[in-house]
Amino acid sequence: MRYLFLALTVIIDLIFTGAVFPNINILGIAPDIIICTMASIVALEKSFTGAAIGLICGLALDIMFTGAIGFFTLPYFVAGMCLYFVCSHIRYIDSVLLPCAFAVGAYLIKEIITALLAYLLGLNVALGYRLFRYILPEILATGVFMLLIHLIIKRLYRSNSIHPKGMEDIKKLL
Amino acid sequence: MQFWRNRPLMITIIVVIILLVVLIITAGENNMSGTESLVGSIFSPVQRALYSATDAIGGFFERMFAGTDLQTENLDLKAKVAELEGQLVDYDEIKAENERLSKLLNFDTSTQKLDYVTARVIGKAPGHWFNIFIIDAGLSQGIKVDMPVVNGDGLVGRVVDVGANYSRVMAIVDSSSGVSGIVERARDNGILTGTADTDAEDAQLVMGNLPLDADLMPGDTVITSGLAGVFPKGIAVGEVTEVRPSTDGMRNEAIVTPWADFEHLEEVMVITSPLVNIDEALK
């Protein structure tokens, strides 16, 4: 059941990222649902699962859209691992704001690494323009969207079959 | 010593190194591997359905926000509008599709000697670094790399990767794209490149390498020149909106607004005729 949940999470993330948000957005600004699910799961589990989701989603996006394997994979994976390193040192208190802060931080790390890779690949970076036109508004969008995503994932984690074994105490936190 | 015992950190470093190596290797490749093609073939039918559905939803909201001020209408009318809205969305969808297909048909009748494949857009690259989209036609439909992609408005882009049943198309507004263009009236040649801004809503092209005495003015039409050997000559690209000196002051450059609406791409045509035949047909 847990693996089914994780597989569905990846599929939903990919569908929203590749097909839904390109059509439904505000002036090209859309939240990063992959970062939101990663941050939410890592905040609840304090495990590598978020990084694994980022790795799989990034790989699928690379295969589908860029052909340059690693362009999306690397930033999502590193953001997932950073989330793990931070969350494993913080005793999680049932709060929505803290996971939102995780999502915002992870999104920023992902964008910095992406910009670096884009520069290395010879793409036109124009960082100042992108920062104000896309990155900052999307940070806000991701933070707000995280409120919804985290509420949904928290709710799902109440089921024993969703969260990993040995984390039965997680219900007390939820 | 403790550093080497930190397993998560070691895993991170190893995976990052592997991904960097793979990125360097795959960044220059143009051919889609078997695995890429297989993954794409699995995802593309799902994407096709969802892209169409969400596009319809996006269109509904656009129409709703652009509509009249409902607050001024009385309650009875509101109820009636709500009842009719569902029917109207269907009607608008059919009407919009009819208009788009008619445009494509016009392109078809004006270039009857061309072979082409009509395809639907089924996905767009996420983020703001690429202006690449996916179409539901690939090797099986005769699509090859570098084939020009057009719609009823004009040039859209070129095929950059082909899978079994889907292809990746780089839009002309992508910052990595380059199109050899010519101003229809003044006959000045230049290279059209996408701007750093990859947002489809305000997507523009910069036509560089123009002489200082170039006789360009806003409103001039830009077409493909056929010089680079990728795009055939004579396909409409867009309209000059601004002419200004380049940053070094040695040449002129023009800002060109493409005619294709990259925000609402739904159906496109891939020209499959060889380039020589296309030039003859467009003459």
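Colleague: Go over the overall build of chain A with me, naming the residues and quoting the values.
Modeller: A tally of regular secondary structure across chain A gives seven helices and zero strands. Across chain A, helices and strands are ordered from the amino to the carboxyl terminus as α-α-α-α-α-α-α. For 174 residues, the compact-globule estimate of 2.2 N^0.38 gives 16 Å, and the C-alpha radius of gyration of chain A, at 16 Å, lies within 12% of that figure. If one aligns the C-alpha atoms of chain A with their principal axes, the spans along those axes are about 50 × 30 × 30 Å.

Colleague: Give me the lowdown on the sheet that holds strand β9 (residues 221–224) of chain B, citing residues and values where you can.
Modeller: Residue and element names in this part refer to chain B. Read around the barrel, six strands follow the order β6-β7-β8-β11-β10-β9 and close on themselves; strand pairing throughout is antiparallel. For this sheet, the mean inter-axis angle between neighbouring strands, taken without regard to orientation, is 40°. Pairing geometry for β9 and strand β10 (residues 236–245), over three bridges, is antiparallel. Along β10, the bridge assignment pairs Ile 223 with Ala 236.

Colleague: Pulling in residues and values, what's your account of the domain arrangement of chain B?
Modeller: All names here are of chain B. Domain assignment breaks chain B into domain 1 (34–171) and domain 2 (178–259). Facing 11 residues of domain 1, the contacting portion of domain 2 comprises 14 residues. If you list the elements that add at least two residues to the side of domain 1 that touches domain 2, you get β3 (148–151) and β4 (154–162). Looking at the side of domain 1 that touches domain 2, the element that brings in the most residues is β4, giving three residues. Residues of the side of domain 1 that touches domain 2, tallied by class, amount to five nonpolar, three polar and three charged.

Colleague: Requested: an account of the nonpolar core, with residues and values cited.
Modeller: Core analysis: the largest hydrophobic core is formed by 108 residues, its most contacted members being Met38(A), Ala39(A), Leu83(A), Ala106(A), Ile135(B), Val268(B) and Val270(B). Lining this core are residues from two domains, each supplying at least three of them: domain 1 (34–171) and domain 2 (178–259) of chain B. Every residue in contact with Val268(B), bar those within four places of it in the chain, is listed here: Ala119(B), Val121(B), Ile135(B), Val149(B), Val150(B), Asn151(B) and Val156(B).

Colleague: Outline helix α1 (residues 2–20) of chain A, listing residues and values.
Modeller: A rise of 1.5 Å per residue sets the reference length of α1(A), with its 19 residues, at 27 Å; its end C-alpha atoms lie 25 Å apart and thus fit the reference within 8%. Within the span of α1(A), buried status applies to Thr9(A), Asp13(A), Leu14(A), Ile15(A), Phe16(A), Thr17(A), Gly18(A), Ala19(A) and Val20(A).

Colleague: Can you lay out the packing of helix α2 (residues 33–45) of chain A against helix α6 (residues 127–156) of chain A for me, pointing to particular residues and giving the numbers?
Modeller: Residue and element names in this part refer to chain A. Across the interface, α2 lies against α6 with an axial gap of 9 Å and an inter-helix angle of 50°. In terms of axis orientation, α2 runs oblique to α6. The handedness of the crossing between α2 and α6 is right-handed. Residue-level contacts link Ile 33, Ile 35, Cys 36, Thr 37, Ala 39, Ser 40, Ile 41 and Leu 44 of α2 to Thr 142, Phe 145, Met 146, Ile 149, His 150, Ile 153 and Lys 154 of α6. When grouped by side-chain class, the residues that make up the contact of α2 with α6 number 10 nonpolar, four polar and one charged.

Procedures and definitions
Residues numbered from 1 in each chain as written. Chains lettered and ligands numbered in written order. Predicted model: local features only at pLDDT ≥ 70, side-chain atom pairs only at ≥ 80, totals over all residues. Helix = DSSP H or I, 4+ residues; strand = E, 2+ residues; numbered from the N terminus. Rg over C-alpha atoms; globule rule 2.2 N^0.38 Å. Pairing = 2+ DSSP bridges. Axes fitted to C-alpha atoms, helices over the stretch in contact; angles between N-to-C directions. Domains from an automatic or database assignment. Contact = placed C-beta atoms within 7 Å. Nonpolar A, V, L, I, M, F, W, Y, C, P; charged D, E, K, R; others polar. Core = buried A, V, L, I, M, F, W, Y, C linked by C-beta atoms within 7 Å. Buried ≥ 20, exposed ≤ 12 C-beta atoms within 10 Å, placed from the backbone. Expected span 1.5 Å × (residues − 1). Parallel < 35°, antiparallel > 145°, perpendicular 65-115°, else oblique. Left-handed = near helix turned anticlockwise from the far one by under 90°.

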